[in-house]
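# A structural walkthrough
Residue strings, one per chain:
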Amino acid sequence: MACNVHFDLSSGFKIPALGYGTWLAHFNQLHRVVHLRTMKRNLKKALEAALEAGYRHIDAAIVYLNEHIIGRVLKKWFSSGKLSREDIFLTTKLPPTGNRPEGVKKYLRKSLDDLQVDYVDLYLVHVPFGLNDVEGDLQPKKPDGTADVDLSTDHIAVWKAMEEAVDSGLTKSIGVSNFNSDQIGRILKNCRIPPCNLQIEHHAYLQQPKLVEFCKQNKIVVTAYSPLGSPGLSKLGKTYSPLGSPGLSKLGKETPDLLGHPMVKEIAQKYNKTTAQVLLRHIVQKGISVTPQRIRQNIDIFDFQLSASDLNILNGLDANLRILDFEFIFKGIKDHPEYPFKENL
């Protein structure tokens, strides 16, 4: 059964409350690396399972290096008549190397080619900082190993190009990811088409209530990535380094075990649900969409509702604990003028 719960976007379209996140989706076991052929097969199987389970929002990005696999699966489903293009809400993102006006259509067209579609439903600026555009390298580095940053990132100029992508029919809606309220406010004051979505790290240990409220006041729907706190991420990082990064084990902190938290387990037992279902329900019930990478049971979160007291308990777990600060992928990025998490430095 398809997920039929949606949130209204200011663009006039609807975004499913539950989506399938494809970052690291090709891993069937977080503790080991698999060969490229197996990685492709794992993502294909995972995406097929997600579509069979009823997921209709697919969250992609060019930096995940797997849009071509997603495209093949979607083409198969569209060609077979199981689904039509209109049944799928497809999100992808502008990479940091494309954070300049001329990069928007360049990278969006690349994503469309790989995804084998004529348009996406939502195009996001993946991060607020820019990297120099080096052909064939989505994570360019300087000789000293630090990120090859572009310090001239201009959000207003980039946003005008995003608006032109809407005008051209390449995307139906536009938004941002990993931006802070000041950066979003700057766009809002200078835009013709306002951002309708903000995708951020959001889980019980990082709830960012001020940013979420800012978005609600400005009719921006929030989407949560890593809604379960990225379980197993540190263990994965010991062997897997995305885009040639030093590895996720360089996070320098333990990733939270939200799934094993005693309070979460107690609430899950009360509703006869899994801890993952409770954590996802907590987010969705606050009007935030989610894009988990787990599939089967996570879609069964719409047949129960958390009580006000249980919501308060889960709200109380907020510790402003950010797991993904991007320094582990882009060394030295905290010095970029548009680094979004300076309050945590």
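Conventions adopted
Residues numbered from 1 in each chain as written. Predicted model: local features only at pLDDT ≥ 70, side-chain atom pairs only at ≥ 80, totals over all residues. Heavy atoms only, no water. Buried < 20%, exposed > 50% of the residue type's maximum accessible area, 1.4 Å probe, protein only. Helix = DSSP H or I, 4+ residues; strand = E, 2+ residues; numbered from the N terminus. Arc of directions from axis to C-beta. Pairing = 2+ DSSP bridges. Right-handed = clockwise from strand over helix to strand, strands pointing away. Polar contact = N/O pair within 3.5 Å; in protein donor to acceptor, adjacent residues only side chain to side chain. UniProt positions renumbered as here; feature names shortened; annotations may be inferred. Contact = heavy atoms within 4.5 Å. Axes fitted to C-alpha atoms, helices over the stretch in contact; angles between N-to-C directions. Parallel < 35°, antiparallel > 145°, perpendicular 65-115°, else oblique. Left-handed = near helix turned anticlockwise from the far one by under 90°. Nonpolar A, V, L, I, M, F, W, Y, C, P; charged D, E, K, R; others polar. Phe/Tyr/Trp six-rings, centres within 6.5 Å; stacked < 30°, edge-to-face > 60°. Lys NZ or Arg CZ within 6 Å of the ring centre and 35° of its normal.

## Quick word on helix α8 (residues 262-271)
Since the α-helix packs 3.6 residues into each turn, any two residues three or four apart lie on the same face. Listed in full, the buried residues belonging to α8 are Val-264, Ile-267, Ala-268 and Tyr-271. Buried residues of α8, viewed axially, fall in a sector of 100 degrees; they line one side. Across α8 from its buried face, at more than 90 degrees, point the exposed residues Pro-262, Glu-266, Gln-269 and Lys-270. A positive backbone phi angle near 55 degrees is found at Asn-272, which sits one or two residues after α8.

## Focus: the pairing of strand β10 (residues 197-201)
Of all five residues in β10, five are buried, a share of seventy percent or more. Of the two faces of β10, both are covered, the one formed by Asn-197, Gln-199 and Glu-201 as well as the one formed by Leu-198 and Ile-200. Across two bridges, the pairing between strand β9 (residues 171-177) and β10 is parallel. Looking at β10, one finds that Val-176 is bridged to Leu-198. In this fold, β9 hands off to helix α5 (residues 181-188), which returns the chain to β10; that crossover is right-handed. Two strands pair when backbone bridges link them, and β10 and strand β11 (residues 221-225) are joined in this way by five bridges, in the parallel orientation. Residue pairing for β11: Gln-199 is matched across the bridge by Thr-223. Handedness of the crossover joining β10 and β11 through helix α6 (residues 209-217): right-handed.

## Overview of the side chain of Asp-325
The topology assignment puts Asp-325 in the segment after α10 (308-315). A distance of 3.5 Å separates a polar atom in the side chain of Asp-325 from a polar atom in the side chain of Lys-334.

## As for the pairing of strand β6 (residues 120-125)
The two faces of the sheet receive side chains in turn, since in a regular strand these alternate between them. Counting buried positions over the six residues of β6 gives six, a clear majority of the element. In the classification by handedness, the crossover that spans strand β5 (residues 89-94), the intervening helix α3 (residues 101-115) and the parallel β6 is right-handed. Summarising the sheet, β6 and β9 pair through five bridges and their orientation is parallel. Bridge pairing in β9 links Tyr-123 to Ile-174.

## Quick word on the UniProt feature "active site" (unreviewed entry) in the protein chain
Taken from the UniProt record, the annotation "active site" (unreviewed entry) applies to Tyr-64. Positionally, Tyr-64 belongs in the loop between β4 (57-59) and α2 (67-80). Judged by relative accessible area, which is 13%, Tyr-64 ranks as buried. Filtering out sequence-adjacent residues up to four positions away, Tyr-64 remains in contact with Thr-22, Trp-23, Asp-59, Lys-93 and His-126.

## Remarks on the UniProt feature "site: Lowers pKa of active site Tyr" (unreviewed entry) in the protein chain
The positions that UniProt labels "site: Lowers pKa of active site Tyr" (unreviewed entry) are, in the present scheme, Lys-93. One can find Lys-93 in strand β5. In this view, Lys-93 contacts Asp-59, Ala-60, Ala-61, Ile-62, Tyr-64, Tyr-123, Leu-124, His-126 and Gln-199; residues no more than four positions away in its chain are not counted.

## Examining the packing of α5 against α6
Close contact between α5 and α6 brings their axes to 11 Å; oriented N to C, the two are set at 15 degrees. With respect to α6, the element α5 is oriented roughly parallel. In the packing of α5 onto α6, the handedness of the crossing is left-handed. Where α5 approaches α6, its residues Ser-181, Ile-184, Gly-185 and Leu-188 are matched on the opposing element by Leu-211, Phe-214 and Cys-215. Along the lines of polarity and charge, the residues of the contact of α5 with α6 split into five nonpolar, two polar and no charged.

## Quick notes on the packing of aromatic side chains
Applying the stated criterion across every chain, the model contains six aromatic pairs. With a centroid separation of 6.1 Å and 10 degrees between ring planes, the pair formed by Phe-326 and Phe-341 is classed as stacked. Pair noted here: Phe-326 is in the segment after α10 and Phe-341 is in the segment after α10, with a separation of 15 residues, a long-range link. Judged by relative accessible area, Phe-341 falls into the buried class, the value being 6%. Centroid distance Tyr-339 to Phe-341: 5.6 Å. Interplanar angle 80 degrees. Geometry classified as edge-to-face. Of the residues examined, Tyr-339 reaches a relative accessible area of 3% and is grouped as buried. Aromatic ring contacts, followed pair by pair, group Phe-129, Phe-326, Phe-330, Tyr-339 and Phe-341 into a single cluster. Positioned above the aromatic ring of Trp-77 is the side chain of Lys-82, whose terminal nitrogen or guanidinium carbon lies 4.6 Å from the ring centre. Here Arg-85 stacks its cationic end above the ring of Tyr-119, 4.1 Å away from the centre of that ring.

## Regarding helix α9 (residues 275-284)
The buried fraction of α9 is high, at ten of ten residues. For α9, the set of buried residues is Thr-275, Ala-276, Gln-277, Val-278, Leu-279, Leu-280, Arg-281, His-282, Ile-283 and Val-284. Looking at the buried side of α9, the elements it contacts are β1 (6-8), β11, α8, β12 (289-290) and α10.

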